[in-house]
Amino acid sequence: MELFKLFITFFKIGLFTFGGGYAMISQIKEEMIEKKHWLSEDELMQIITIAESTPGPIAINLATYVGYQRHKILGSLCATIGVVLPSLFIIFIISLFLDQFMKNQYIKNAFIGINACVAFLIMKTGIEMLVQMSKKPLAIISFIVVFALLITFEILAIAFSVIYYILIGGVIGIIAYSILGLKYIDKENEV
């Protein structure tokens, strides 16, 4: 029963999320933290960090990780299949009627509205993550450095992969905690 609940939860998330994994984070937060109490805010932040840092779509990585945390291999399988099936069905149906689908003015207009909502959901998730971010000097410096690079490269139209931003953050963390010997204090455990 618990595995079915996990499957249905992620099926619903996959079915009603437009715009990919980042837009999905807000809905995952609502389901996992506020409704089902399966995760804490800190756990979700850690899962997002891991999901973003590993290969593959963030939505699938999030579902797999949460599923594994709840019920090991079967849980990760149920959550992953649940989040993937709606997109698979929808894309398959759209591919059958793509030409007619894209010519429909109502569909075009709907996608304009959906795009605006997706942009808002991604921005909302980013702001929530920023608010939850550790307010330690290293976290603030890392944020400022990566944000400044992001803005600079966008203004100058320099292609710079998201992977490099993640690597820069990782290198800053390694240098600060491993080489410089700074101490990281976790809310639950001291490391």
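Bear in mind the structure is a predicted one, so any value in this text is a computation, not a measurement.

1. Some thoughts on the nonpolar core
At step 1: By size, the foremost hydrophobic cluster in this structure holds 21 residues, and its most contacted members are Phe10, Ile28, Met32, Leu39 and Leu62.
At step 2: Looking at this core, the elements with two or more residues in it are α1 (2-15), α2 (21-35), α3 (41-53) and α4 (58-96).
At step 3: Per-element accounting of this core gives the leading share, seven residues, to α4.
At step 4: For methionine 32, the residues in contact, after removing those within four places along its chain, are Thr9, Phe10, Ile13, His37, Trp38, Leu39 and Val66.

2. Notes on the packing of aromatic side chains
At step 1: Summed over all chains, the structure comprises five aromatic pairs.
At step 2: Centroid distance phenylalanine 143 to phenylalanine 147: 5.5 Å. Interplanar angle 15°. Geometry classified as stacked. Here phenylalanine 143 pairs with phenylalanine 147, and both are found in helix α7 (residues 137-155), just four residues apart, close to one helical turn.
At step 3: Under the relative-accessibility criterion, phenylalanine 143 is labelled partly exposed at 34%.
At step 4: Judged by its relative accessible area of 44%, phenylalanine 147 is partly exposed.

3. What to know about the packing of α2 against helix α6 (residues 105-132)
At step 1: Here α2 crosses α6 at 65°, and the two axes come no closer than 7 Å. By crossing handedness, the relation of α2 to α6 is classed as left-handed. Contact with α2, carried on its side by Tyr22, Ala23, Ile25, Ser26 and Lys29, involves Val118, Leu121, Ile122, Lys124, Thr125, Glu128 and Gln132 of α6 and no other residues of that element.
At step 2: Here the contact of α2 with α6 is built from residues that sort into six nonpolar, three polar and three charged.

4. Looking at empty space enclosed by the protein
At step 1: Tallied over the full model, the rule gives one cavity of 30 Å³ or more.
At step 2: Space inside the largest cavity adds up to approximately 60 Å³.
At step 3: Considering the residues around the largest cavity, the lining is formed by Ile25, Lys29, Glu41, Leu44, Met45, Ile48, Thr125, Glu128, Met129 and Gln132.
At step 4: Among the elements of the structure, α2, α3 and α6 are those that each provide at least two residues to the lining of the largest cavity.
At step 5: The residue makeup of the lining of the largest cavity, split by class, is five nonpolar, two polar and three charged.

5. Brief notes about the pattern of salt bridges
At step 1: Applying the stated criterion across every chain yields a total of eight salt bridges.
At step 2: For the salt bridge of glutamate 128 with lysine 29, the shortest nitrogen-to-oxygen distance reads 3.5 Å. Of this pair, glutamate 128 sits in helix α6 while lysine 29 sits in helix α2, placing them 99 residues apart in sequence.
At step 3: What makes glutamate 128 partly exposed here is its relative accessible area of 21%.
At step 4: With a relative accessible area of 12%, lysine 29 lands in the buried category.
At step 5: Linking lysine 36 and glutamate 31 is a salt bridge whose minimum nitrogen-to-oxygen distance equals 3.1 Å.
At step 6: The class of lysine 36 is partly exposed, set by a relative accessible area of 26%.
At step 7: Judged by its relative accessible area of 3%, glutamate 31 falls in the buried class.
At step 8: Within this structure, Lys12, Glu30, Glu31, Lys35 and Lys36 form a network of salt bridges that share partners.

Cut-offs used in this document
Residues numbered from 1 in each chain as written. Predicted model: local features only at pLDDT ≥ 70, side-chain atom pairs only at ≥ 80, totals over all residues. Heavy atoms only, no water. Core = buried A, V, L, I, M, F, W, Y, C linked by side-chain atoms within 4.5 Å. Buried < 20%, exposed > 50% of the residue type's maximum accessible area, 1.4 Å probe, protein only. Helix = DSSP H or I, 4+ residues; strand = E, 2+ residues; numbered from the N terminus. Contact = heavy atoms within 4.5 Å. Phe/Tyr/Trp six-rings, centres within 6.5 Å; stacked < 30°, edge-to-face > 60°. Axes fitted to C-alpha atoms, helices over the stretch in contact; angles between N-to-C directions. Left-handed = near helix turned anticlockwise from the far one by under 90°. Nonpolar A, V, L, I, M, F, W, Y, C, P; charged D, E, K, R; others polar. 1 Å grid on protein atoms, 1.4 Å probe; cavity = no way out; pocket = protein on both sides within 12 Å on 5 of 7 lines; lining within 4 Å. Points joined across faces, edges and corners; volume = space filled by probe spheres on them. Salt bridge = Lys/Arg side-chain N within 4 Å of Asp/Glu carboxyl O.

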